[in-house]
Amino acid sequence: MDMVSGIASVSYALAALAYALMLLLALSRWRRRPHAASLALACALTLGWSAVIAWREAWGAPATPWLEVLEIGRDAGWTAFLLRLLGQFNPAAGWRQFIQRRGLGLVAGYYLVYLLAAIAAACAPGAPAGLAPLPGAVARAGLAVLGMMLVEQLYRNKPAPERWALKFACIGIGGMFAYDFYLFSDAVLFRHVNADIWAARGLVNALTAPLIAVSVARHATWTGQLALSRRLLYHSATLFGAACYLLAMDLAGYYLRHFGGTWGAVMQASFLFGAAALLAGILFSGTVRSWLKVFISKHFYSYNYDYREEWQRFTRMLSQQGPGLAERSIQAIAELVESPAGALWVRRESGLCEPLARWHLPAATGCEPAGSDFCRFMEQRQWVVDLQEYERAPALYGMVRVPDWLRAFPRAWLVVPLILQGRLFGFVLLLQPRSPVKLNWEVIDLLRIAGSQAASYLAQQEAAAALMLARQFESFNRMSTFVVHDLKNLVAQLGLLIPNARKHRDNPEFQQDMLDTLTLSVQKMKLMLQKLSRGDARERPLALQIDQLLGRAVALTAAFEPAPLLAVEDAGLAVLADGERLERVLGHLIQNAVEATPRDGSVTIRQRREGASVRIEIIDSGVGMTADFIRERLYRPFDSTKSAGMGIGAFESREYIRELGGVLEVSSVPGRGTTFAVTLPLHQQAGQRAEQAA
C-alpha cells in the first residue's frame with residue numbers, strides 16, 4: 001500500500017467514524033424528531049460508502065464499478081434529507097407524490113436512470129475498473145450541482161429565526177456537494193480522478209458531520225427526548241462494562257496459562273477468581289453506581305433527571321405505609337443528589353427547629369430558633385444553601401450566619417428548606433455525595449420542589465397524629481359528659497326522696513320503695529365506676545328481656561310525681577343490647593317525660609310487638625314541644641332548656657338506638673303532651689320462643 005492509499009484509508013475511516021456517531025445519535029437522542037428517519041438513512045448510507053472505500057484503500061483491493069452505486073446511494077440519501085426539510089418529500093405519502101409534484105419526479109427520475117445505468121455497467125462483462133470514467137464523472141458533477149441548488153433553496157426559503165439553526169447544516173451538506181463538484185469537474189477536465197483530491201475527500205466529509213450535528217441540536221422543531229430510558233441505559237452500560245472487563249480478564253488469564261509454565265493453570269484460576277471478586281466489589285459499590293448514574297445523565301441526556309421515574313420513586317417512597325416517614329423523607333431527597341446520609345429538623349410550637357430524624361447519621365442535638373436569620377433567610381428566599389459555596393463566598397447568601405453546629409457536621413453539603421404554604425416547616429441537611437454532582441438550576445429546583453412535597457407529607461402525618469389525639473380527648477370528654485349526666489339523674493332521683501321521706505316516713509310502702517330506689521341507685525353508681533375503671537372496654541351485647549328492663553327503669557322513678565305507669569301488652573320479648581346503656585337511654589326518656597309533666601298529669605309506658613320489632617311508647621301529658629324545637633334543638637348536644645341540664649340525653653338516646661338498628665320517633669303538641677316511640681329489632685331466638693309460647 002502506497003502513501004496516498006494509506007492517507008485515503010485513514011481519511012475515509014474518519015468519515016465512517018464521524019457518521020457512525022451521527023447515526024447513533026439519530027437512532028437514540030434525536031429519535032423522536034420529525035426528520036430523524038431521513039437523517040438516519042443519509043448517515044447510514046454515508047457510513048457504508050466511506051467504510052467500503054476505507055477498507056478498499058487499506059487492503060489495496062481493486063476498484064469495482066459497484067462503488068458507483070454506493071456513490072449514488074450516498075448522494076440520494078442527502079438529497080432526500082434536503083427534500084424532507086424543504087417539505088417536498090414525505091415517505092409516508094407513498095409513490096403518488098412523485099407524480100403529483102413535477103420537480104420531485106424529475107429528481108427521482110434522474111437518480112433512477114443514473115442508478116440503473118450504473119448497475120448495468122457494473123454487471124456488464126469487462127466493465128471498466130476505474131472509479132469514475134467520463135460519463136460517470138459528468139453525472140456525478142450533475143448530482144453535486146443538484147445538491148447545492150437544494151441547499152440554496154433550503155436556506156433562502158426558511159424564515160430568519162430558523163436560519164440560525166439551519167446554517168451549519170447548509171454549510172456542511174453544501175460543502176460536501178461543493179467538494180464533489182470540484183472533484184468530478186477536475187476529473188472531467190483531466191480525464192482522470194486526482195488521487196490527492198480523492199484522498200482528502202473522506203476527511204472533508206468527516207468535517208461536515210459536526211456541522212450537521214450542531215444544526216440538528218439547534219433546530220427548535222427537532223427537540224425530543226432520548227428514546228432509551230435512563231434505567232435501561234444504566235443497566236446496559238453496567239452489563240457492557242462488566243462484559244468488557246471479563247473479556248479482558250479472560251485474555252489475561254489465557255496469557256498467564258500459556259506463558260506461566262508449571263504454575264500457569266494455578267495462576268490462571270487464582271487470577272480469574274480475584275478478577276471476579278473485584279468485579280463483584282465494583283458492581284456492589286455505591287460510589288461506582290453513583291458515578292455511573294451521574295456520568296450517564298451528564299453526557300447522554302439534555303436533562304439530568306428522568307422526571308417521571310424520579311417522581312414516581314419519590315412519591316412511592318413517601319407514601320409507604322408504616323412508621324419511618326421522616327427517615328424516608330430524608331432518603332428520598334438525598335437520593336436525588338446521590339447523598340449518602342442526612343438529618344431532618346422540624347419547626348415546633350416552642351419556636352425551635354428541633355431534630356426529628358436522621359438517616360445514616362449519628363443523633364443530632366443542635367436546635368435552631370425559627371426566628372433566627374438563617375431560618376428567616378430560607379423562608380423568604382427558599383434557597384438551597386450550599387455550605388461549601390457559603391464557605392467560599394458568604395456574600396452570595398447575604399452574609400447570613402449559618403449555625404456553627406450545622407457547619408460542624410463532617411462533610412456537610414446542602415441544607416434543603418422544607419417550605420409549606422410559604423412558611424418554613426423545617427429543613428434537611430445532606431452530606432457530600434459519593435461522586436461529584438454539579439449544582440445547577442435544574443438540581444436546585446428539583447430539591448426545592450422535593451422539599452415542599454416532603455413537607456406536605458410530614459405535615460399531613462402530624463395533622464393526623466394531632467387529630468387522633470384530639471379524638472381521644474373527645475372520646476374521653478364525651479364519656480365524662482355521659483357519666484356526669486347519669487350522676488345528675490341519680491342525684492335528681494335521690495333528691496326527690498328527701499322531701500317525700502318527711503311526708504311519707506310512716507308509710508311502709510314508701511319506705512320499701514325508697515329502699516329499692518337507693519339500692520338501684522347504688523348499683524348504677526357501681527356500674528359507672530366499673531365502666532370508668534375499664535376505660536375503653538368494649539360493650540358486650542346480651543339478649544335482654546325488654547319488659548324486665550322497663551320495670552327497673554320505671555322503679556327508679558317511682559318516687560316521682562306523677563309516678564309513671566307501665567303497660568306490657570306482649571311479655572317475654574328480647575332485644576340484643578348492652579343492658580346498662582339501654583336502661584340508661586330508656587330511663588332518660590322516662591325521666592324527661594316525668595319532669596315535663598305536672599303533678600296532676602300522667603306518664604304511661606307501653607310495650608307491644610310489631611312484626612319483628614318491639615315498640616316502646618313513652619306518653620306524657622306535659623307541656624309538649626314545637627316542631628321547630630324538635631327539628632333544631634332536641635338532638636343538638638350541649639343544648640338544654642333545663643338550668644342544670646347537660647343537653648346530651650336525647651342525643652345519646654337517638655345515637656344508641658340507631659346503633660342497635662332501631663328508630664326513635666317523637667310527636668308532640670304544645671300544651672297537650674309528647675310521645676316518644678322507640679322501635680327495636682327483636683332478638684331472633686327470643687322472638688321464635690315468644691311465637692311458640694303464643
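Residues numbered from 1 in each chain as written. Predicted model: local features only at pLDDT ≥ 70, side-chain atom pairs only at ≥ 80, totals over all residues. Heavy atoms only, no water.

Draft legend 1. Structural detail: the pattern of salt bridges. All chains considered together, the criterion is met by 22 salt bridges. Salt-bridge contacts for Arg74 lead to Asp180; the nearest nitrogen and oxygen are separated by 2.5 Å. You can see Arg74 sitting in helix 3 (residues 66-86) and its partner Asp180 sitting in helix 7 (residues 160-190), a full 106 residues away along the chain. Here Asp445 makes a salt bridge to Arg448, at a shortest N to O gap of 3.5 Å. One end of the pair is Asp445 and the other is Arg448, both in helix 17 (residues 441-503) and three residues apart, which spans about a single turn. (Salt bridge = Lys/Arg side-chain N within 4 Å of Asp/Glu carboxyl O. Helix = DSSP H or I, 4+ residues; strand = E, 2+ residues; numbered from the N terminus.)

Draft legend 2. Layout of the packing of aromatic side chains. A full pass over the atoms with the stated rule returns 14 aromatic pairs. Ring centres of Tyr12 and Trp49 lie 5.6 Å apart, and the angle between their planes is 80°; this geometry places the pair in the edge-to-face category. Taken as a pair, Tyr12 in helix 1 (residues 3-27) and Trp49 in helix 2 (residues 36-59) lie far apart in primary sequence, 37 residues in all. Of the two residues examined, Tyr12 and Trp49, each falls in the buried class. Ring pairing ties together the aromatic residues Trp345, Phe374, Trp405, Phe409 and Phe427, which thus form one cluster. The ring centre of Trp383 lies 5.0 Å from the NZ or CZ of Arg381, which sits over that ring. (Phe/Tyr/Trp six-rings, centres within 6.5 Å; stacked < 30°, edge-to-face > 60°. Buried < 20%, exposed > 50% of the residue type's maximum accessible area, 1.4 Å probe, protein only. Lys NZ or Arg CZ within 6 Å of the ring centre and 35° of its normal.)

Draft legend 3. Representation of the nonpolar core within the structure. Ranked by internal contacts, the top residues of the largest apolar core, which has 35 residues, are Ile546, Leu582, Leu586, Ile605, Phe676, Val678 and Leu680. At the level of elements, helix 19 (546-556), strand 9 (574-577), helix 20 (579-595), strand 10 (603-610), strand 11 (613-620), helix 22 (649-659) and strand 13 (673-681) are the ones that each hand at least two residues to this core. If you tally residues by element for this core, the top one is helix 20, at seven residues. Residues within four places of Ile605 in sequence aside, it is in contact with Leu550, Val554, Pro564, Leu565, Leu566, Ala567, Ile590, Ile616, Glu617 and Ile618. (Core = buried A, V, L, I, M, F, W, Y, C linked by side-chain atoms within 4.5 Å. Contact = heavy atoms within 4.5 Å.)

Draft legend 4. Layout of the sheet that holds strand 3 (residues 368-369). Spatially, 3-2-1-6-5-4 is the arrangement adopted by the six strands of the open sheet, whose pairing is antiparallel. Edge positions in the sheet fall to strand 3 and strand 4 (385-386), since each of these pairs with one other strand and no more. Relative to strand 3, strand 2 (residues 352-359) is paired through two bridges, and the arrangement is antiparallel. Following the sheet pairing, Leu352 is matched in strand 3 by Pro369. Across the sheet, helix 13 (residues 325-334) is in contact with strand 1 (342-347), strand 2, strand 5 (412-420) and strand 6 (423-431); its angle to strand 2 comes to roughly 75°. Helix 14 (residues 373-381) rests against strand 1, strand 2, strand 3, strand 4, strand 5 and strand 6 of the sheet, and its axis sits at about 105° to strand 6. (Pairing = 2+ DSSP bridges. Axes fitted to C-alpha atoms, helices over the stretch in contact; angles between N-to-C directions.)

Draft legend 5. Helix 14, seen in detail. Turning to helix 14, its buried residues number three or more, namely Phe374, Cys375, Phe377 and Met378. Taken down its axis, helix 14 places every buried residue within 160° of arc, on the same side. Those residues of helix 14 that are buried lie in contact with strand 2, strand 3, strand 4, helix 16 (404-407), strand 5 and strand 6. Of the residues trailing helix 14, Gln382 is marked for its positive phi of about 55°. (Arc of directions from axis to C-beta.)

Draft legend 6. The arrangement of the sheet that holds strand 12 (residues 663-669) in detail. Strands sit in the order 8-10-11-13-12 across an open sheet of five strands; the sheet is mixed. The open sheet has two edge strands, strand 8 (565-568) and strand 12, and neither has a second partner. Here the strands of the sheet are splayed against their neighbours by 15° on average, with no regard to which way each runs. Inspection of the sheet shows strand 10 paired to strand 11 by eight bridges, in the antiparallel sense. Among the inter-strand pairings, Val603 is bridged to a residue of strand 11, identified as Asp620.

Draft legend 7. Quick look at the environment of Arg33. Among the structural elements, Arg33 can be located in the loop between helix 1 and helix 2. Judged by its relative accessible area of 11%, Arg33 is buried. A C-alpha to C-alpha distance of 9.4 Å links Arg33 and Val216, two positions 183 residues apart in sequence.

Draft legend 8. Structural detail: the packing of helix 19 against helix 20. Where helix 19 meets helix 20, the axes come as close as 9 Å, and the angle between the chain directions of the two elements is 50°. When the interaxial angle is binned, helix 19 and helix 20 end up oblique. Helix 20 is crossed by helix 19, and the crossing has right-handed handedness. For the pair helix 19 and helix 20, contact is made by Ile546, Leu549, Leu550, Arg552, Ala553, Val554 and Leu556 and by Gly579, Leu582, Glu583, Leu586, Gly587 and Ile590, respectively. Tallied by class, the residues present in the contact of helix 19 with helix 20 amount to nine nonpolar, two polar and two charged. (Parallel < 35°, antiparallel > 145°, perpendicular 65-115°, else oblique. Left-handed = near helix turned anticlockwise from the far one by under 90°. Nonpolar A, V, L, I, M, F, W, Y, C, P; charged D, E, K, R; others polar.)

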